[in-house]
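Here is what each chain is made of, one letter per residue.
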Amino acid sequence: MSYPPHPPYPPVPGAVTPLVHPHPIAPPPGYAVLAVTVNRGPYIVPAPTTSKFKIDGQTVSIPGEGTWYMVVAPGQHDVRYTDFMGVPLITTSLAVQPGAAHHLSFRFGGWRNRVHDGHGTDVTRFGLWSNYSILLVTLAIFGLLCCGVFGVLLGSS
């Protein structure tokens, strides 16, 4: 006894982790391509290797710095880089049109982390200060508190 063939199930957007390609790809019908460029940053350990790239809360494994291409469903997407604990470093939102290629450039800088679109426009919704900036501010505050406390204690004796 044979069964009639079943129609294929329609794809569910966001249900499958997008595959990352190191070379440009053509968008499948009804989908778009997201081209993500990531720099190393000024850090000793490159930022892309210690951070997680997420689209709509789903982790997409990007191997490191460079330009990477992935197929995404059309519509509004929340795109972000987070640190290893899930704290956002850079976030943006993107409206994806079917059949198009959308470019995002994540730039980890010395002072601020930013994201730019394919035209060079800053589209950062949230950009955390870099680790170096946070360290500099923390050391300055600690130095003022430490020297201020010692100054008051030495001055009162």
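Above this text sits the structure in question.
Residues numbered from 1 in each chain as written. Predicted model: local features only at pLDDT ≥ 70, side-chain atom pairs only at ≥ 80, totals over all residues. Heavy atoms only, no water.

## A closer look at the side chain of S105
Then, number 1: Here S105 lies in strand β8 (residues 101-108).
Then, number 2: Looking at S105, its side chain comes within polar contact range of the side chain of R107, at 3.4 Å. (Helix = DSSP H or I, 4+ residues; strand = E, 2+ residues; numbered from the N terminus. Polar contact = N/O pair within 3.5 Å; in protein donor to acceptor, adjacent residues only side chain to side chain.)

## Examining the packing of aromatic side chains
Then, number 1: One pass over the full model with this rule turns up four aromatic pairs.
Then, number 2: Their ring planes at 85 degrees and their centres at 5.8 Å tell us that F53 and F106 sit as a pair that is edge-to-face. Here F106 lies in strand β8 and F53 lies in strand β3 (residues 52-55), a separation of 53 residues in the sequence. Side by side, F53 and F106 carry an identical accessibility label, which is buried.
Then, number 3: On the numbers, 5.4 Å between centres and 80 degrees between planes, the contact of Y81 with F108 is edge-to-face. A residue pair is termed long-range when its members are at least 10 positions apart, and Y81 in strand β6 (residues 75-82) and F108 in strand β8 qualify at 27 residues.
Then, number 4: Judged by its relative accessible area of 1%, Y81 falls in the buried class.
Then, number 5: Accessibility expressed as a relative area gives 3% for F108, which makes it buried.
Then, number 6: Of the aromatic side chains, those joined through ring pairs into one cluster are F53, Y81, F106 and F108. (Phe/Tyr/Trp six-rings, centres within 6.5 Å; stacked < 30°, edge-to-face > 60°. Buried < 20%, exposed > 50% of the residue type's maximum accessible area, 1.4 Å probe, protein only.)

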